[in-house]
Amino acid sequence: MTLTAGTRLGPYEILSPLGAGGMGEVYRARDTRLKREVAIKILPEAFAQDAGRLARFQREAEALAALNHPNIAHIHGLEESEGIRALVLELVPGETLADRIARGPLPLDDALDVARQIALALEAAHERGIVHRDLKPANVKITPEGTIKVLDFGLAKALSSDGSSPDVTSSPTMTAAATQAGVVIGTAAYMSPEQARGKSVDRRADVWAFGALLYEMLSGRKAFEGETVSDTLAAVLKTDPDWARLPPSTPPHVRAVLRRCLERDRDRRLRDIGDVRLELDEARAEPAAEPARARRVGWGLAAAGLVLGALLGVLAAARLRPRGEAAPHFAMRRLTELPGPELHPDLSPDGRSLVYTSAAGGNRDIYLLRVGGDRAINLTASSSDDDQQAAISPDGETIVFRSERDGGGLFLMGLTGESVRRLTNGGYDPAWSPDGKRIAYTMEAVKDPYSREGISELWTADVASGKTTRLLPGDAVQPAWSPDGKWIAYWSNPGGQRDLGIVAAHGGDPRPLTNDQATDWSPEWSPDGAWLYFSSDRGGGMDLWRLRIDVGSGRAEGSPQRVTSGVRSLAAARFSSDGRRLTVMAYDRTAEIALFQVAADAPETLRPVGTLRPQSAHWCAPSPDARWLSCATTGSPEDLILMRTDGSELRRLTNDTYKDRVAFWSPDGEWIGFNSTRSGKWDLWAIRPDGAGLRRLTDLSETSFAVWSPNGRELILESNNGKAFFRIDSTRTTDVRSARRLLLPGGLKQLEPLAWSPADRVVGAQRDALRSGDLESLGVWDLQANTYRRFDLSVAGRTFGSVAGWLPDGRRFIARLRDGIAMVDSDSGTWRILRPGVPSDFLRMTADGRTLLVESERLDSDVWMLEREAP
């Protein structure tokens, strides 16, 4: 429908047309009430005939209107008049990015400035769960002042028929202009491969489109081109951009960012636009690459200074080493792709072979694989015991590995599995010294009765004699020798937070290398000893990082640098001796959730009612009405999500860099409690199911387990790893001064509260102090009498503290035993297996005891090769 100047649409007077596209006709208009000019976008006529679609669009528009950012064009509202429905938008002056690119490539500084502002807009929207889905130069405005405004945010989803915008035909631009030659190519050229294939779309699609925009700004040409829409989509799916079109002065760091944004496999693509922005910020400080011709012209002038420069370089090489040099870029390729996990990869010094652990044959065995080959050799097939954690010696001739054979310990064998002999009694995480004469490893000592972790001590063993020496009595895991043999790096777990540390190889006082809220593990030295590579969840992802180490003092210098981005998780890095190849383990956890109905008259009969397999989610708990599940996302960042039990809808509750875990519902369904690090330490927080009302419930020291009272007005929680218990009022924010401290019944030093019955009794798990008695037991804590009754469930094996909740009678509860799901009678202390052999890692029950959730996790991991690309 075309409107003429002077037409009134409610309080808006049409002034002139601005343009037309797949999302409707756009007009300049005057707001007669607020005396300002706005943009009016007339919605397609299909909306007038589809009430359901219009109602869904109303909800989407409300969410989009909540976006308030200086780089996002604002939605003022919806307007309807005489059957015409329109969006009222901010009128942004200036030209589009498409107009600017039409005049030629942007200078590097200008392109990075524009890119940064676009990234800030995307970052703000992604934090609210909104994906653009149709990012292209025509949807970016540059104001006369140089401010960037991103237009049409989220409208690709809002205007689609079902709200999902999963494929090319769901793009409004594609749909409306599909018959016009040359019109839709602009949209198709920016579609991610998954969108072009009709798959689901998430924020990584915006990362792809952002990379395509940045490439075009720098080169003046589209990253993907074709004569027709089909040709363009084929280019997106099959060909790489012509990297030679980028200006020769483009910094290497910018080139690396572009490659990682335009990675077809979205699991390997940069997953967060905030990471892209940070990478580009670093690139802006990086000197531009010098064109070849300029280098030749300057060579004659530089020759006279070579001798003096060389002398100064010898004297000051360490000082002149650039502190801020960019992390190297690695190309990734998968080496193993078998069902189940391949663990603990170790690369031979020549980079041609690797060993890893797999349970493909039943037991855990050690396999040898030629890099690039597809047939691995089982080196320990003759043993019926578990063998794992293999490491190849510096000369490539011997393998040390951990085994359960003959009581357990570290063993040595030849590279092809021959001549097995014991080295130590006990121990794990073996690492060779650079000269191949000693092996550092971890020994678990007496288990700390108040924590979940054992006390892991650092030891060394002499390869020739087998003599062992305790090097570090404190907590230390996964030791790694520096190439010069002077230092051993490791990670430790003080206070439940993994940090990196270092100690001299001859012993002495340890010193921290990292000490922050990030989780750091799996250290590995670069062959030159200048960098310590490690896995970390810092920066909102499970990726590989590196930290510069002063080789003389063993101290960290500067801040950690990200090496990979967008990988689901990384661990166990191993370098080849030339530093060109690096093996890592990338893994993912997937959960299977089964829901059972518990009959009131026959609770021993569990009736299956459904099964879900959520992607990248675990620790799920059912809402009181059993219609929703609250879950934590796997990997990093750890966020909370909601999904319907029928799988029809998914919502994100939190979306930030903090860790949010183990959500649980209040009995009335009004609140979801969860553990989070958003206060700088683990504390208890609560949020409403619609994502509103986020509030901190506790200000205690390292709060962990918590249970809600049946009436929903109180919480019992533990702090300091079970050393203190508090009963708090859950209706308001509280701190340690207003919380009531509870004393455990006599003889108890630690208890994990797991479920609270209407009779004011709490079922909890108790842990024994010594590893030799490392069986968890269950018991019931009567809050009124302050007594504790412990049940002997050792016949059934461990319970691992997994308790679903109380049955409606308030006498029996559901727990997980090794044999399956069990029902325990708290009065008689008897128990019975309800469903034998059911794998269950996590149990939860609704507050009324009518629905049981059984979650089992599957770990799948593969070995990847990272090959360093030439700068």
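Structure: see above.
About the thresholds
- Residues numbered from 1 in each chain as written.
- Predicted model: local features only at pLDDT ≥ 70, side-chain atom pairs only at ≥ 80, totals over all residues.
- Heavy atoms only, no water.
- Helix = DSSP H or I, 4+ residues; strand = E, 2+ residues; numbered from the N terminus.
- Buried < 20%, exposed > 50% of the residue type's maximum accessible area, 1.4 Å probe, protein only.
- Contact = heavy atoms within 4.5 Å.
- Polar contact = N/O pair within 3.5 Å; in protein donor to acceptor, adjacent residues only side chain to side chain.
- Phe/Tyr/Trp six-rings, centres within 6.5 Å; stacked < 30°, edge-to-face > 60°.
- Lys NZ or Arg CZ within 6 Å of the ring centre and 35° of its normal.
- Pairing = 2+ DSSP bridges.
- Disulfide = S-S within 2.5 Å.
- Axes fitted to C-alpha atoms, helices over the stretch in contact; angles between N-to-C directions.
- Parallel < 35°, antiparallel > 145°, perpendicular 65-115°, else oblique.
- Left-handed = near helix turned anticlockwise from the far one by under 90°.
- Nonpolar A, V, L, I, M, F, W, Y, C, P; charged D, E, K, R; others polar.

Asks: Where do I start with the environment of Arg204 in this structure?
Replies: Of note, Arg204 is situated in helix α8 (residues 203-219). The class for Arg204 is buried, based on a relative accessible area of 9%. Look past the residues within four positions of Arg204 in its chain and what remains in contact with it is Glu194, Arg266, Asp267, Arg269, Leu270 and Arg271. One polar contact links Arg204 to Asp202, side chain to side chain, over a distance of 2.6 Å.

Asks: Got a minute to help me understand the packing of aromatic side chains in this structure?
Replies: Between two aromatic rings, the relevant description is the distance of the centres plus the angle of the planes. In this structure the tally under the stated criterion is eight aromatic pairs. Where Trp208 meets Phe224, the ring centres are 5.3 Å apart and the plane angle is 15°; that geometry is what we call stacked. Taken as a pair, Trp208 in helix α8 and Phe224 in the loop between α8 and α9 (229-238) lie far apart in primary sequence, 16 residues in all. Ring centres of Tyr215 and Trp243 lie 6.0 Å apart, and the angle between their planes is 80°; on these two criteria the pair is classed as edge-to-face. One end of the pair, Tyr215, is in helix α8; the other, Trp243, is in the loop between α9 and α10 (252-261), with 28 residues separating them in the sequence. Taking relative accessible area as the criterion, Tyr215 reaches 0% and is therefore assigned buried. One aromatic cluster is present, built from ring pairs that chain together Phe791, Trp806 and Phe813. One Lys or Arg, Arg498, reaches over the ring of Trp491 and ends 4.1 Å from the middle of that ring. Here the guanidinium or amino end of Arg546 rests over the ring plane of Trp531, the centre of that ring lying 3.5 Å away.

Asks: Any chance you could explain the pairing of strand β27 (residues 520-525) here in plain terms?
Replies: Side chains on a regular strand alternate between the two faces of the sheet. Across the six residues of β27, six count as buried, placing the element largely inside the fold. By the bridge criterion, four bridges tie β27 to strand β28 (residues 531-536) in an arrangement that is antiparallel. By the bridge assignment for β28, Trp521 is matched with Ser535. Hairpin connection between β27 and β28: a loop of five residues separates the two successive antiparallel strands, and Gly529 in this loop has a positive phi of roughly 75°.

Asks: Just checking my understanding: could you explain the state of the cysteines for this structure?
Replies: Disulfide: a covalent bond formed between the sulfur atoms of two cysteine residues. All told, the structure shown has one disulfide when counted by the stated rule. Residue Cys620 pairs covalently with Cys631 via a disulfide, S to S 2.1 Å. Its S-S torsion of about 115° marks the bond between Cys620 and Cys631 as right-handed, since a negative value means left-handed. In this pair, Cys620 sits in strand β34 (residues 617-622) while Cys631 sits in strand β35 (residues 628-633), placing the two residues 11 residues apart along the sequence. Assigned by exposure class, Cys620 and Cys631 land together as buried.

Asks: Looking at this structure, how should I read the sheet that holds strand β11 (residues 342-347)?
Replies: Sheet strands associate in pairs through backbone hydrogen bonding, adopting either a parallel or an antiparallel arrangement. Across the sheet, which stays open at both edges, the four strands sit in the order β11-β12-β13-β14 with antiparallel pairing between neighbours. Among the strands making up the open sheet, the edge pair consists of β11 and β14 (377-378).

Asks: I'm lost on the sheet that holds β27 in this one. Help?
Replies: Overall, antiparallel pairing links the four strands, which are arranged β27-β28-β29-β30 in an open sheet. If you trace the sheet from one side to the other, it starts and ends with β27 and β30 (556-562), each paired once. Here the average twist between neighbouring strands, direction ignored, is 25°. Judged from the six bridges that link them, β28 and strand β29 (residues 543-549) form a sheet pairing that is antiparallel. Note that in β29 the partner of Trp531 across the bridge is Arg548.

Asks: Is there a simple way to explain the packing of α8 against α10 in this structure?
Replies: The axes of two packed helices give the description: the angle between them and the distance between them. It is the contact of α8 with α10, at a shortest axis distance of 8 Å, that shows an interaxial angle of 140°. Here α8 lies oblique to α10, going by the angle between them. Helix-helix and strand crossings are classified by hand; for α8 and α10 the assignment is left-handed. The segment α8 lies against α10, with Val207, Trp208, Phe210, Gly211, Leu214, Tyr215 and Leu218 engaging Val254, Leu258 and Cys261.

Asks: Honestly, the packing of helix α3 (residues 108-126) against α8 in this entry has me stumped. Any pointers?
Replies: Between α3 and α8, whose axes approach to 10 Å, the crossing angle comes to 165°. For the element pair α3 / α8, the angle class is roughly antiparallel. With respect to the hand of their crossing, α3 and α8 are arranged in right-handed fashion. Here α3 contributes Leu108, Ala111, Val114, Ala115, Ile118, Ala119, Leu122 and His126 to the contact with α8, which in turn contributes Arg203, Asp206, Phe210, Leu213, Leu214, Met217 and Leu218. Here the residues of the contact of α3 with α8 are counted per class, giving 12 nonpolar, one polar and two charged.

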